[in-house]
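Spelled out, the chains give:
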Amino acid sequence: MTLDVTTGPRSEQPGSVVPRRYGAAPRRGRRIGAMLRAYWRLDEPGDAELARIRARLMQRDEPAAALVAAMRRPADDSDRVAMADFHDALEHGAPDDASPALRAFFDTVGEPPAWVDPDLCNRGAQVYRRLGRNAVDVLLQLGLIGGYRFGGPVDLLAQTGGLRPATAKRRLGETQTWAVAVGQHDGMLRDGEGWKLTVHVRLMHALVNDSFEHNGRWDSAEWGLPINQADLAATLNLFSGALLMGVRALGVPVNRADSRALMHLWKYVGWLIGVDEDWLFDDERSQHALSYAVLLVQADVTDAGGRLANALVDVQTDLEYRRFPALAGRYERERLLSMLEGFLGPRGMRDLHLPQRPPWAFGLAWVRNAISYQVIGRTPLGGPYLEWRGRKAREAAMYRHFGADAPQIGKLAVS
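Structural notes, computed from the coordinates.

Calculation rules
Along every chain, residues carry numbers that run from 1 in the direction the sequence is written. Per-residue local features are limited, in this predicted model, to residues with pLDDT of at least 70; the limit for side-chain atom pairs, both in listing and counting, is 80 or more; totals at the level of whole chains, interfaces and linings are taken over all residues. Where side-chain values are given, they derive from all heavy atoms of the structure, hydrogens and water being excluded. Helix numbers and strand numbers start at the N terminus; a helix is a DSSP run of H or I with at least 4 residues, a strand a run of E with at least 2. Residues are treated as being in contact if the distance between any of their heavy atoms lies within 4.5 Å. Polar contact is the term for a pair of N or O atoms within 3.5 Å; when the atoms are in protein, one must be able to donate a hydrogen and the other to accept it, and sequence-neighboring residues count only if both atoms are side-chain atoms. Excluding any residue in a salt bridge, patches collect residues exceeding 30% relative accessible area, merging like charges within 9 Å and nonpolar Val, Leu, Ile, Met, Phe, Trp and Tyr side chains within 5 Å. Throughout, the Shrake-Rupley method with a 1.4 Å probe supplies accessible areas, and for residues the shown protein chains are the sole cover considered. Each salt bridge in this description consists of a side-chain nitrogen of Lys or Arg and a carboxyl oxygen of Asp or Glu lying within 4 Å of one another. The buried label applies to any residue whose accessible area, calculated with a 1.4 Å probe on protein chains only, is under 20% of its type's maximum; exposed applies above 50%, and partly exposed to all values in between. Ring pairs shown here join Phe, Tyr and Trp side chains whose ring centres sit within 6.5 Å, with only the six-membered ring taken for Trp; geometry is labelled stacked below 30 degrees between planes, edge-to-face above 60, and tilted in between. Axis definition: a line fit to C-alpha positions, over the contact stretch in the case of helices; interaxial angles, taken between N-to-C directions, run 0 to 180 degrees. Any angle between 65 and 115 degrees counts as roughly perpendicular, while under 35 counts as roughly parallel, over 145 as roughly antiparallel, and the rest as oblique. In this scheme, a crossing is called left-handed if the near helix is turned counterclockwise away from the far one by less than a right angle; it is called right-handed if the turn is clockwise.

**Overview of the environment of Ala221**
Inference 1: Note that Ala221 resides in helix H11 (residues 220–223).
Inference 2: Once residues within four sequence positions are removed from consideration, Ala221 is found in contact with Val18, Pro19 and Arg20.

Following this line, the structure appears as structure tokens:
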């Protein structure tokens, strides 16, 4: 029996709006998710799970939204939160005399849930670091560009200037900077760089959401809230379940213990960034069950998807390269198109109006990974070697996006 995603309860809350994007292309979503469902032997999602997705397309991150509301208070309001207050609290914690909204927000994020295991997070960070160039590739190709096949979040990116080459370059670098920080040893402790950047990104999301909810440029009846709980949970999967599937497709072996460690790391990141806790998972299969349900109700590709995908492909020639920059830029563009062909297939490439290429880069990745993980990785020098390879890959990625400048992430501003 085929589940009709347009039936069942309309939402978790009576009277709430169901965006028109919901369930707009069920046959396409089922086709794209067919391999995922078969590989993991997933059941069809039930009405209750679909109802949660419907409702959460119209639900925001309320703790962060309350902080943004306090930031937008008049300058002479004693409860107003200045951006400097947020940055001070990010570094040192909210003082006792801080605004109630600032204290409430940092009370929310400051104490990790009881289920967080710092040692397991560190092991997950080590797994992530040892993925090296594979992680960089999968996050860009299967994660970011692969996600542009569905309307909604990509349309928001386009409206915030993502089609400009300089913006595309900066955003790629910012995402890489954040992921590198999360992957540091002890990076997700309260004073770790990964923790601080994750809270920074959470506020950035809330500022964008608040701005587009009120600026008249966003059609919530079509797409749901600009940055909503359903899209946030789906994005988190790009760094956990989708990442693990992608690196395996490139020939990287990932055992059960390493999978659990990486999932646990990103489970905590997801909690800290504001994803609803019932959509945070320790195991891949549960994560993919949610991802499959989300695929079934996704909208079709929009014009913004193709334009933004091509912008990210073309920006490869504008990145920084240490040797033979013109030749290196052309090679990286061709390599990216070849990898995308392997991940998205001919139909996915046509969806995004991308030039098609033979997937030769997949073969090179398999050879590289066979040597690194199956040969050297099995020797006593394997661990240090993979750490070294991962560090070199991260340094190269940082240089491509920032050159000799220090890596950075987007500044926060209250408009």
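**Topic: the environment of Trp366**
Inference 1: Its location among the elements puts Trp366 in helix H18 (residues 360–375).
Inference 2: Contact partners of Trp366, with chain neighbours within four places excluded, come to Arg248, Ala249, Leu250 and Gly251.
Inference 3: Separated by 2.9 Å, the side chain of Trp366 and the backbone oxygen of Ala249 make a polar contact.

**What to know about a nonpolar patch on the surface**
Inference 1: Together, Tyr331, Trp360 and Leu364 line one region of the surface with nonpolar side chains, adding up to about 300 Å² of accessible area.
Inference 2: We classify Tyr331 as partly exposed; its relative accessible area is 39%.

**Things to note about the packing of aromatic side chains**
Inference 1: Taken as a whole and assessed by the stated rule, the structure comprises 12 aromatic pairs.
Inference 2: With a centroid separation of 5.2 Å and 75 degrees between ring planes, the pair formed by Trp178 and Phe239 is classed as edge-to-face. Placement of Trp178 in helix H9 (residues 165–182) and of Phe239 in helix H12 (residues 229–239) is noted, with a sequence separation of 61 residues between them.
Inference 3: A relative accessible area of 8% means that Trp178 is categorised as buried.
Inference 4: For Phe239, a relative accessible area of 8% puts it in the buried group.
Inference 5: Seen from their ring centres, Tyr331 and Trp360 are 6.0 Å apart, and the 45 degrees between their planes marks the pair as tilted. Placement of the pair is Tyr331 in helix H17 (residues 325–351) and Trp360 in helix H18, with a sequence separation of 29 residues.
Inference 6: Members of the aromatic cluster, connected to one another through ring pairs, are Tyr128, Trp178, Phe239 and Trp266.

**Comments concerning the packing of helix H7 (residues 133–147) against helix H13 (residues 241–249)**
Inference 1: The contact between H7 and H13 brings their axes to 9 Å, and the two run at 115 degrees. The pairing of H7 with H13 is recorded here as roughly perpendicular in orientation. Like other packed secondary-structure pairs, H7 and H13 cross with a definite hand, here right-handed. Residue-level inspection shows Asn134, Ala135, Val138, Leu139 and Leu142 of H7 in contact with H13, the latter providing Ala242, Leu243, Gly246 and Val247.

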